[in-house]
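Listed below, chain by chain, are the residues.
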Amino acid sequence: MRRMMAAFVALMLLALPAAHAVQPDEIMSDSVKESRARDLSRELRCMVCQNQSIDDSDAPLARDLRLLVRERIAAGDSNSQVLDFLVARYGEFVLLKPRFERQNMLLWLLAPLLLLGGGLALWLQIRRRSRNGADLPAPPLTPDEEARLAALMADEAKS
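Rules and cut-offs
- Throughout this document, residue positions are counted from 1 along each chain, in the order its sequence is written.
- Local features in this predicted model are restricted to residues of pLDDT 70 or higher, and side-chain atom pairs are both shown and tallied only at a pLDDT of 80 or more, whereas totals for entire chains, interfaces and linings draw on every residue.
- Side-chain measures here rest on the full set of heavy atoms in the structure, leaving out hydrogens and waters.
- Each helix corresponds to a stretch of at least 4 residues labelled H or I by DSSP, and each strand to a stretch of at least 2 residues labelled E; elements are numbered beginning at the N terminus.
- Whether two residues are in contact is decided by their heavy atoms: any pair within 4.5 Å suffices.
- Shrake-Rupley sampling with a 1.4 Å probe provides the accessible areas, and residues are treated as covered by the protein chains on show and by no other component.
- The rule is simple: take the accessible area with a 1.4 Å probe, protein chains only, and divide by the maximum for that residue type; under 20% is buried, over 50% is exposed, in between is partly exposed.
- Like charges are joined within 9 Å and nonpolar side chains (Val, Leu, Ile, Met, Phe, Trp, Tyr) within 5 Å, but only among residues with over 30% relative accessible area and no salt bridge; these make up the patches.
- We define a salt bridge as a contact between a side-chain nitrogen of Lys or Arg and a carboxyl oxygen of Asp or Glu at a distance within 4 Å.
- Pairing of N or O atoms within 3.5 Å defines a polar contact, subject to two protein rules: one partner must be a possible hydrogen donor and the other a possible acceptor, and residues neighboring in sequence count only if both atoms are side-chain atoms.
- What makes a nonpolar core is a set of buried Ala, Val, Leu, Ile, Met, Phe, Trp, Tyr and Cys residues whose side-chain atoms join them at distances within 4.5 Å.
- Lines fitted to C-alpha atoms define the axes, with helix axes restricted to the stretch in contact, and inter-axis angles between N-to-C directions lie between 0 and 180 degrees.
- Oblique is the label for any angle not under 35 degrees, not over 145, and not in the 65 to 115 range, which are roughly parallel, roughly antiparallel and roughly perpendicular in turn.
- Left-handed is the label given to a crossing in which the near helix is rotated counterclockwise from the far helix by less than a right angle, and right-handed is the label when the rotation is clockwise.
- Side-chain classes follow a simple rule in which Ala, Val, Leu, Ile, Met, Phe, Trp, Tyr, Cys and Pro form the nonpolar group, Asp, Glu, Lys and Arg form the charged group, and the remainder, Gly included, forms the polar group.

J.: Explain the overall build of the protein chain to me, and be specific about the residues and the numbers.
T.: Scanning the protein chain from terminus to terminus reveals six helices and zero strands. Excluding contacts between residues fewer than 6 apart, the proportion of contacts in the protein chain whose partners are at least 24 apart in sequence is 47%. Of the roughly 12,100 Å² that the protein chain leaves accessible, carbon and sulfur atoms contribute 62%.

Put into structure tokens, the structure is as follows:
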């Protein structure tokens, strides 16, 4: 009985992240429009929680944004018009996935540029080492060094 209760609690805890914060009074009567509103809500950042969509957030501001999205959809706006309206009102930060535009170019290109720069630096370092002779084989041993090595190996073999 105890194991079954523990399994039930674990299952409920796993299901918690899947729960959405949309309240029943927010849901639109038209299921197609509601689906559009939910899709848009997943793309918008909660300005209070910051790394959570307004679809998942319980914050009052997130609720206001969800209602605003539904109002704009009910008024006949397309998805891009709703997003443009919210970006104009709250700035680009309201989008969970920023658009690829001139002002966001550094955000999108910084990681690939750093990767390319690191690869170039590594290639230049390897090339510089090979020019300096660091990759050349060691010179052969002198007769004295060979005799000493043979003596050390003979001593090691006796031990």
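Anyway, onward from the coordinates.
J.: Quick one: what's the story with the side chain of E92, residue by residue and with numbers?
T.: Among the structural elements, E92 can be located in the loop between α4 (79-90) and α5 (105-132). Judged by relative accessible area, which is 18%, E92 ranks as buried. Excluding anything up to four places from it in sequence, E92 contacts V87, P98, R99, E101, Q103 and N104.

J.: Talk me through a nonpolar patch on the surface; I want residue IDs and the actual numbers.
T.: On the surface, a cluster of nonpolar side chains totalling about 710 Å² of accessible area is made up of F100, M105, L107, W108, L109, L113 and L116. Here L107 is to be found in helix α5.

J.: Please set out the side chain of D55 residue by residue, giving values where relevant.
T.: Topologically, D55 is positioned in the loop between α2 (31-43) and α3 (60-74). Using a relative accessible area of 0% as the deciding quantity, one classes D55 as buried. A distance of 2.9 Å separates polar atoms of two side chains, one belonging to D55 and the other to R38.

J.: Which residues make up the nonpolar core, and what values do they have?
T.: Counting residues in hydrophobic clusters, the biggest one holds 18 residues, and the most contacted among them are L44, I54, V69, I73 and L86. Listed by contribution, the elements that provide at least two residues to this core are α2, α3 and α4. The greatest single-element share of this core, amounting to five residues, is contributed by α3. Leaving out residues up to four positions away in the same chain, L44 has contacts with Q52, S53, I54, V69, L83, L86, V94, L95 and L96.

J.: If you had to explain the packing of α3 against α4 to someone new, which residues and values would you point to?
T.: Helix-helix packing: each pair is described by the crossing angle between the helix axes and the interaxial distance. One way to put it is that α3 packs onto α4 with a least axis distance of 10 Å and a crossing angle of 135 degrees. By the angle between their directions, the pair α3 and α4 is classed as oblique. When you trace α3 past α4, the crossing you get is right-handed. On α4, the residues touching L65, L68, V69, R72 and I73 of α3 are V82, F85, L86, R89 and Y90. Here the contact of α3 with α4 is composed, by residue class, of eight nonpolar, no polar and two charged.

J.: Go over the environment of V82 with me, naming the residues and quoting the values.
T.: Examined against the element boundaries, V82 turns out to sit in helix α4. Exposure remark for V82: the relative accessible area of 0% places this residue in the buried category. Setting aside residues up to four positions removed in sequence, V82 forms contacts with L40, V69, R72, I73 and D77.

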